[in-house]
Amino acid sequence: MAALWRRRERFLGASGLCRTVRALSGKNEYDLLVIGGGSGGLACAKEAAQFGRKVAVLDYVDPSPQGTTWGVGGTCVNVGCIPKKLMHQAALLGSALKDAQHYGWSISQPVHHTWKVKYFNMKGSFSDPHTIRGLTKAGKETVVTAENIVIATGGRPKYPTHIAGALEYGITSDDLFWLKESPGKTLVVGASYVSLECAGFLTGIGLDTTVMMRSIPLRGFDQQMASLVTEHMESYGTKFLKRCFPTKVEKLESNRLQVTWKNTDLGTEERDSFDTVMWAVGRAPDTKTLNLETVGVKTNSETGKIIVDAGEATSVPHIYAIGDITEGRPELTPTAIAAGKLLARRLFGQSSELMDYDNVPTTVFTPLEYGCVGLSEEVAVQSYGSDNIEVYHAYYKPLEFTVAERDATQCYMKMVCLREREQRILGLHFIGPNAGEVIQGFALGIKCGATYPQLMKTIGIHPTCAEEITKLHITKRSGLDATVTGC
Ligand code: FAD
Ligand code: NDP
């Protein structure tokens, strides 16, 4: 960071000067200008600075409709991965406290959670292909020119504005981590990463939490695993309103929010009241205010995301885009960071290495974590045909669950392999404690083209949950009981 901050230039007051510098010399003031100081933008700027280039970063957070705002760092550190993982940990500690009693600890009752929040703060748009106009909160304008420009402005949560009261009364993940008070009884609408993770930790800290799901959980993930995730959440106390979609949010005299929804299974209209309604219905980029049309940067007309090539270049060669703002890329911090670093190396470090988006591992931090890398069983079957796929699977019981008498029904793993002689591993899926830690290690093997026989030669670490992966031997095809018994 130090290098970045040393080289980082503040834009305030430089406006007229920049224009004059460029007008007189015909040169741009900066080698690289990054719009967006989040995971991808900062990584790219920092890497470029390492090559001795003159780099500038422009970051600005528009307040959420509820007025929440934060500083530099982007989604991950302010309203994403980091606060989410800390809340997840807070919830896990609650479960650990319950377990502790089984291990002989006496804990004074009742154990309950107290809501605690820690607080942390020029919006850029194109004037011409090398010139960015920055605007401060106070409305002060600054103009900056650069040889290369990287757009790394990420996305923000969507609001279902067609639903009466949604914008007025609802919050999103942009607000959740900055609430001064506990959200209380909460309805979370949506059924993907953000929804399930947030609902998971809210349940874990003892709040009455309901997920409203209009279709399937975790679209795009292996659906057998996704069902186990929601099954576990239900047994953990999260309520689910399945195949329901909200139609109205109203504020009652009691200040509670009354939500009306349609239950598509029963064809009925139902309602309940909540202290908080949180929308987790996906994220969208704000590309309109960047003034991209003026400079000819092409976007996808449906998603608004920027279209890039394998080298992250947009339709304008010296303008690049990385991270969540780009079309067809994973919306994950490590991919944004890696793409940013590699781009800076290609621009300034005489490298030609492209970002490889294959076999990106990920974890859904639900109360029982789900980590995976590679193909889902469905996609493997679609791509290769079911006759050419072998799935090894196991239901296992984490050792730490035994003393605490925790139910391990959803602790499950499966490995999707090609059925030919080498049995290359196409996908690995793991539900259980520390799934992120487990999958991160195996991801290296899979990235290197690991095969099932090679995995069988890998010695486990005993006693761990991850060792069960090295022992997978029951195929789904065999129909045999896949429950692990004994060591
Ligand atoms: P961002 O980090 O969003 O940064 C973009 C920055 O640009 C922001 O500061 C924004 O305010 C600023 N900006 C926007 N427009 C302008 C403009 N015109 N001028 C100047 N500045 C501008 N990913 C994981 O890998 N693991 C996780 O566990 C995980 N958990 C998540 C949990 C939640 C609740 C959410 C919402 C996301 C989570 N993600 C997670 C996704 C991850 O946060 C994003 O993929 C990542 O932050 C994207 O980085 P980025 O650089 O593309 O954009
Ligand atoms: P997604 O786009 O993945 O999911 C949106 C969810 O909302 C879906 O379940 C969708 O249902 C539902 N939905 C959409 N519109 C409506 C509506 N009008 N009414 C009711 N439900 C609706 O968005 P997320 O915000 O969950 O995640 C965004 C990205 O952030 C993820 O793709 C992920 O890459 C990243 N992320 C990563 C995390 C991690 O690494 N652990 C954690 C959190 C986020 P349907 O399927 O029917 O369309």
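Residues numbered from 1 in each chain as written. Chains lettered and ligands numbered in written order. Predicted model: local features only at pLDDT ≥ 70, side-chain atom pairs only at ≥ 80, totals over all residues. Heavy atoms only, no water.

**Some words on the overall build of the chain**
Working step 1: Counting its regular elements, the chain contains 15 helices and 20 strands.
Working step 2: Counting only C-alpha atoms and orienting by the principal axes, one finds that the chain spans roughly 80 × 65 × 50 Å.
Working step 3: Buried positions account for 51% of the 487 residues belonging to the chain.
Working step 4: When the accessible surface of the chain is split by element, carbon and sulfur atoms take 52% of a total near 23300 Å². (Helix = DSSP H or I, 4+ residues; strand = E, 2+ residues; numbered from the N terminus. Buried < 20%, exposed > 50% of the residue type's maximum accessible area, 1.4 Å probe, protein only. Areas by Shrake-Rupley, 256 points an atom, 1.4 Å probe, with all protein chains shown as cover.)

**Digging into the confidence of the model for the chain**
Working step 1: The predicted model of the chain has a mean per-residue pLDDT of 91, with 92% of residues at 70 or higher.
Working step 2: Scored below 50 in pLDDT, residues 1–21 makes 38 contacts in the model with residues more than four places away or belonging to other chains.
Working step 3: Of the regions scoring below 50 in pLDDT, residues 117–121 engages in 14 contacts with residues more than four places distant in sequence or in other chains. (pLDDT = per-residue confidence, 0-100. Contact = heavy atoms within 4.5 Å.)

**Brief notes about a nonpolar patch on the surface**
Working step 1: Residues Val77, Ile82 and Leu86 make up a contiguous nonpolar surface patch of roughly 270 Å² in combined accessible area.
Working step 2: Relative to the helices and strands, Val77 resides in helix 4 (residues 74–79).
Working step 3: Here Val77 falls in the partly exposed class, since its relative accessible area comes to 38%. (Patch = residues over 30% accessible without salt bridge, like charges linked within 9 Å, V, L, I, M, F, W, Y side chains within 5 Å. Salt bridge = Lys/Arg side-chain N within 4 Å of Asp/Glu carboxyl O.)

**Brief notes about the pattern of salt bridges**
Working step 1: Tallying each qualifying case throughout the model produces 23 salt bridges.
Working step 2: In this structure, the salt-bridge partner of Lys123 is Asp62, at a minimum N-O distance of 2.4 Å.
Working step 3: Its relative accessible area of 24% is what places Lys123 among the partly exposed residues.
Working step 4: Ionic pairing is found between Arg477 and Glu390, a salt bridge with its closest N-O pair at 2.9 Å. Of this pair, Arg477 sits in the segment after helix 15 (452–456) while Glu390 is found in strand 18 (residues 389–395), placing the two residues 87 residues apart along the sequence.
Working step 5: Residues joined in a network through salt bridges with shared partners are Asp222, Glu377, Lys414 and Lys476.

**Quick notes on the sheet that holds strand 20 (residues 425–431)**
Working step 1: Here we have five strands laid out as an open sheet, ordered 16-17-20-19-18, and antiparallel in their pairing. Edge positions in the sheet fall to strand 16 (362–364) and strand 18, since each of these pairs with one other strand and no more. Ignoring which end each strand starts from, the neighbouring axes of this sheet average 10° apart. (Pairing = 2+ DSSP bridges. Axes fitted to C-alpha atoms, helices over the stretch in contact; angles between N-to-C directions.)

**Examining the pairing of strand 8 (residues 209–213)**
Working step 1: Most of strand 8 is tucked away, with five of its five residues classed as buried.
Working step 2: Going residue by residue along strand 8, you find Thr209, Val211 and Met213 tucked away on one face and Thr210 and Met212 tucked away on the opposite face as well.
Working step 3: With four bridges connecting them, strand 7 (residues 186–189) and strand 8 associate as parallel partners. Bridging from a neighbouring strand, Val188 pairs with Val211 of strand 8.
Working step 4: Running through helix 8 (residues 193–204), the crossover from strand 7 to the neighbouring parallel element strand 8 is right-handed.
Working step 5: Across four bridges, the pairing between strand 8 and strand 9 (residues 239–242) is parallel. Residue pairing for strand 9: Val211 is matched across the bridge by Phe240. (Right-handed = clockwise from strand over helix to strand, strands pointing away.)

**Side note on the site of ligand 1**
Working step 1: Contacts to ligand 1 come from 35 residues, most closely from Asp59, Tyr60, Thr75, Lys84 and Asp324.
Working step 2: One of the side-chain nitrogen or oxygen atoms of Thr75 is found 2.5 Å away from an oxygen atom of ligand 1.
Working step 3: In this structure, an oxygen atom belonging to ligand 1 sits 3.2 Å away from a main-chain N or O atom of Glu331.
Working step 4: Relative to its free-state accessible area of 1000 Å², ligand 1 is covered by the protein chains to the extent of 92%.
Working step 5: Of all elements in the fold, only helix 3 (39–50), helix 4, helix 5 (81–102), strand 3 (123–128) and helix 11 (333–348) reach the threshold of two or more residues within the shell around ligand 1.
Working step 6: It is helix 4 that provides the largest number of residues to the shell around ligand 1, a total of four residues.
Working step 7: For the shell around ligand 1, a count of residues per class yields 14 nonpolar, 15 polar and six charged. (Near = heavy atom within 4 Å. Polar contact = N/O pair within 3.5 Å; in protein donor to acceptor, adjacent residues only side chain to side chain. Nonpolar A, V, L, I, M, F, W, Y, C, P; charged D, E, K, R; others polar.)

**Some details on the site of ligand 2**
Working step 1: For ligand 2, the set of nearby residues contains 20 residues, the closest of which are Glu197, Ser215, Arg219, Glu331 and Thr363.
Working step 2: Contact distances for ligand 2 include 2.4 Å between an oxygen atom and a side-chain N or O atom of Ser215.
Working step 3: In this structure, an oxygen atom belonging to ligand 2 sits 3.3 Å away from a main-chain N or O atom of Ala280.
Working step 4: If ligand 2 stood free it would expose 930 Å²; the protein chains cover 78% of that surface.
Working step 5: If you list the elements that add at least two residues to the shell around ligand 2, you get helix 8 and strand 16.
Working step 6: In terms of residue count, the dominant contributor to the shell around ligand 2 is helix 8 (three residues).
Working step 7: Among the residues making up the shell around ligand 2, the classes are represented as eight nonpolar, six polar and six charged.

**A closer look at the side chain of Asp175**
Working step 1: Topologically, Asp175 is positioned in helix 7 (residues 173–176).
Working step 2: Salt bridges are absent for the buried Asp175, whose nearest opposite-charge side chain, Arg156, sits at 7.0 Å.
Working step 3: Once residues lying within four places of it in the same chain are set aside, the contact partners of Asp175 are Ser64, Gln66, Thr68 and Tyr159. (Lys, Arg positive; Asp, Glu negative; His and termini not counted.)

**Some thoughts on the environment of Asn255**
Working step 1: Topologically, Asn255 is positioned in the loop between strand 10 (244–251) and strand 11 (257–263).
Working step 2: When the C-alpha positions of Asn255 and Thr451 are compared, they lie 58 Å apart, and in sequence the two are 196 residues distant.

**Looking at the sheet that holds strand 13 (residues 276–279)**
Working step 1: Taking strand neighbours across the sheet as the criterion, the four strands line up as 9-8-7-13 in an open arrangement whose pairing is parallel. The sheet is open, and its two edges are formed by strand 9 and strand 13, each paired on a single side. Averaged over all adjacent pairs, the angle separating strand axes in this sheet is 20°, with direction ignored.
Working step 2: Here four bridges tie strand 7 to strand 13, and the two strands are oriented parallel to one another. Bridged to Thr186 within strand 13 is Thr276.
Working step 3: Where helix 8 meets the sheet, it contacts strand 7, strand 8, strand 9 and strand 13, and its direction lies at approximately 165° from that of strand 8.

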